[in-house]
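Per-entry structural report
Single-letter residue listing:
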Amino acid sequence: MADIHLHNTLSGKIENFVPQKAGEVRMYTCGPTVYDYAHIGNYRTFVFQDILRRFLKLRMNLTDVDDRIIANAATAGVSIRDYTAKFVQAFFDDCKTLSIEAPEHWIRATDHIDEMVKLIQRLQEKSFTYPGEGSIYYRIAKFPQYGKLSKIDLTGIQAGARVDSDRYEKESARDFALWKAPKPGEHFWETAIGRGRPGWHIECSAMAMKYLGETLDIHTGGIDLAFPHHENEIAQSEGATGKPFVRYWLHAEHLLVEGEKMSKSEGNFFTLRDLLAKGYKPSALRFALASVPYRKQLNFTFDGLQQAASSLERLRNFVDRLKRGKFPAGKQEGMAARTAKAREEFDDGLSDDLNTARALAAVFDLVREANIAIDKGEFRQGDVPAVLEFLAAFDKVFAVMEDNDGEKLRALGYGGSESGPGDEEIDKLVAERNAAKKRRDFATADRIRKELADRGIMIEDAKDGSVRWKRK
C-alpha cells in the first residue's frame, strides 16, 4: 500500500498513498443521479473507480434526491422511489454487465434524510447557515478555505448571493441550499428543521461520514464534480466537524466522443445500452474505458472500440493457446524472469497513479514475446503456470478475460436464446465434431461446423490438433 502513488486534486501533486489505518481504506465515491440511464461518460468514471477498488475498498452511493428527479417525479405524478426504481435497477444491471464489482454498501439518499437533517443542525449551531424563504443556505464566507479543492477565484464573489439549483456554472460561487422549501406538487419531508428536501451537496457529506467517519481516506468522482459539488462537500463537512473531510481526492477526466463533447443535440450521446443495442460487447466497452489513464481525457471512437475487441481477442487466443498447447517439457531459459518482470511492470503501472496504459503494455509485451517463443518452438510446458498466474492477476483488476458477453447481453434482453448457443452446448457439438473427424466422417464434421457458424460460433483447428471456438 505504501508504494501506491495517487494524484491528489487537493494538493495538485502525486502523493504517496498511506491510509489512516493500516489494512483499511475508507473510500467514497459519488454514484449516478438516477433521473435517467447513465451514459458512457459516467461509466468511464465508474470503471476507473472499480479498478481502484480492486486494490482498495470502495463505497458508492446513489443520488435519488435531485432537482431533476423531483421535477420529473412531480410531472409523472409518482413518488421519488417509484420514479427512480427503473433507473436504479438499470444502473445495477449495467454495472454487472461491465463487471463492476458491488461495493460494500450501496447507499441511497432517500434512506438518509435524518442524517442530513442532523448535519444541517450541526452547521446551524456553528452559525454556518441562514434561512431564506423556507430554505436553509450555507454561508461560504464563514468558511475561509472555500475553493481549496477547485482553486476557484473568490475575489469577485458577491456577499449574500445565493443559488437554489443543485447544479450551476463553474466560477459561479454562491451560498448554496442545504435544505430546500418545497414547491407546489413536489415531494417533501416533515423534519425538525421544517418541511422540505435536502440539497444535493449535503447528501454525500452526511452519507459518507455515517459509514466512513468524519475523515475519509479517498473520495473519487468525475472532474466535473470538483466544483461545485465536492467543494461544497468540504465546506459542509469541515464546517461541522472542524476536521479534514478527505485526505486524497481523485477525479477522472472527461470522455469525448470522436473528439467532441458528448451531447444529445449533436447526436453523439450514448448510454451503455445504446452501444449494446448496436452489437458492441460489454467486455470490449470495459476494456476501452479502462485503457486510458483516468486523469487523461478519453476520446471514445468506434474504431477504438473495435481495436479494444481485437485486443481482447488476442488475449483470449493466447490464453487458449497456452491451455491447449502441447509444449516440450522443462522451462525456457529466461521466460520465468521475463514473466516476473511483466508482473513487476504491471504492478508498477497501477501503483503509478493507476496508469492503466502502462499496466496493459506490460501484459501485451509479454504476450508478444511468449507468442514468438511458441512460434519458434522455444516455449516450454513448465513456463505455462507462471504466465497463466500473471494473466489471472491482471484479470482480477481489469476483469475482461472471461468470454461471457453473450450471457450478459441476453440477461439485458439483447437477443433471445436464438442469438447463440450456451457454452455447454457448444462444447458438446465441438466434441461430436472431433469424434466425427476421428472416424473420418467428414460430412458430419462439416455439418456441425456449418451449424455452429450459422449460430455465430467460429471453429478454429490448430496445427497441433487442438480445436478452439469463439463467438463472432
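Residues numbered from 1 in each chain as written. Predicted model: local features only at pLDDT ≥ 70, side-chain atom pairs only at ≥ 80, totals over all residues. Heavy atoms only, no water.

On to the pairing of strand 9 (residues 175-180), then. Within strand 9, 6 of the 6 residues are buried, which leaves the element mostly enclosed by the surrounding structure. Bridge count between strand 7 (residues 135-138) and strand 9: 3 bridges; the pairing is antiparallel. The residue of strand 9 that forms the bridge with Ile136 is Trp179. Where strand 8 (residues 162-163) meets strand 9, 2 bridges bridge the pair, whose relative direction is parallel. Across the sheet, the residue bridging to Arg162 is Asp175, located in strand 9. (Buried < 20%, exposed > 50% of the residue type's maximum accessible area, 1.4 Å probe, protein only. Helix = DSSP H or I, 4+ residues; strand = E, 2+ residues; numbered from the N terminus. Pairing = 2+ DSSP bridges.)

Opposite charge on two side chains lets them pair, provided their charged atoms get close. Summed over the entire model, instances satisfying the criterion amount to 26 salt bridges. Between Glu238 and Lys148 there is a salt bridge; the shortest N-O distance is 2.8 Å. Of this pair, Glu238 sits in helix 6 (residues 226-241) while Lys148 is found in the loop between strand 7 and strand 8, placing the two residues 90 residues apart along the sequence. Take Lys148: its relative accessible area is 28%, and that puts it in the partly exposed class. (Salt bridge = Lys/Arg side-chain N within 4 Å of Asp/Glu carboxyl O.)

Quick look at the sheet that holds strand 14 (residues 255-257) now. One open sheet accounts for 3 strands, arranged 15-14-16; its pairing is mixed. Among the strands making up the open sheet, the edge pair consists of strand 15 (260-261) and strand 16 (298-300). With 2 bridges connecting them, strand 14 and strand 15 associate as antiparallel partners. Paired with Leu256 across the bridge in strand 15 is Lys261.

Direction vectors running N to C along helix 14 (residues 423-438) and helix 15 (residues 442-454) enclose 155°, while the axes themselves pass 7 Å from each other. Regarding the angle of helix 14 to helix 15, the classification is roughly antiparallel. The two elements helix 14 and helix 15 cross, and the hand of that crossing is left-handed. Between helix 14, through Leu429, Val430, Glu432, Arg433, Ala436 and Lys437, and helix 15, the contact on the second element is made entirely by Phe442, Thr444, Ala445, Ile448, Arg449, Glu451 and Leu452. Looking at the contact of helix 14 with helix 15, its residues break down into 7 nonpolar, 1 polar and 5 charged. (Axes fitted to C-alpha atoms, helices over the stretch in contact; angles between N-to-C directions. Parallel < 35°, antiparallel > 145°, perpendicular 65-115°, else oblique. Left-handed = near helix turned anticlockwise from the far one by under 90°. Contact = heavy atoms within 4.5 Å. Nonpolar A, V, L, I, M, F, W, Y, C, P; charged D, E, K, R; others polar.)

Another aspect to go through is the packing of helix 4 (residues 113-125) against helix 5 (residues 200-212). Running from N to C, helix 4 and helix 5 point in directions that differ by 100°, and their axes come no closer than 9 Å. As judged from the angle between their axes, helix 4 and helix 5 are roughly perpendicular. Between helix 4 and helix 5, the residues in contact are Glu115, Met116, Leu119, Ile120 and Leu123 and Ile202, Glu203, Ser205, Ala206, Met209 and Lys210, respectively. A per-class count over the contact of helix 4 with helix 5 returns 7 nonpolar, 1 polar and 3 charged.

Turning to the side chain of His251, a few remarks are in order. Position of His251 among the secondary structure elements: in strand 13 (residues 246-252). At a separation of 2.8 Å, a polar atom in the side chain of His251 contacts the side chain of Thr9. Within polar-contact distance, the side chain of His251 engages the side chain of His230 at 2.8 Å. When residues no more than four places from it in sequence are discounted, the contact partners of His251 are Thr9, Leu149, Gly221, Gly222, Ile223, Ala226, His230, Tyr294 and Arg295. (Polar contact = N/O pair within 3.5 Å; in protein donor to acceptor, adjacent residues only side chain to side chain.)

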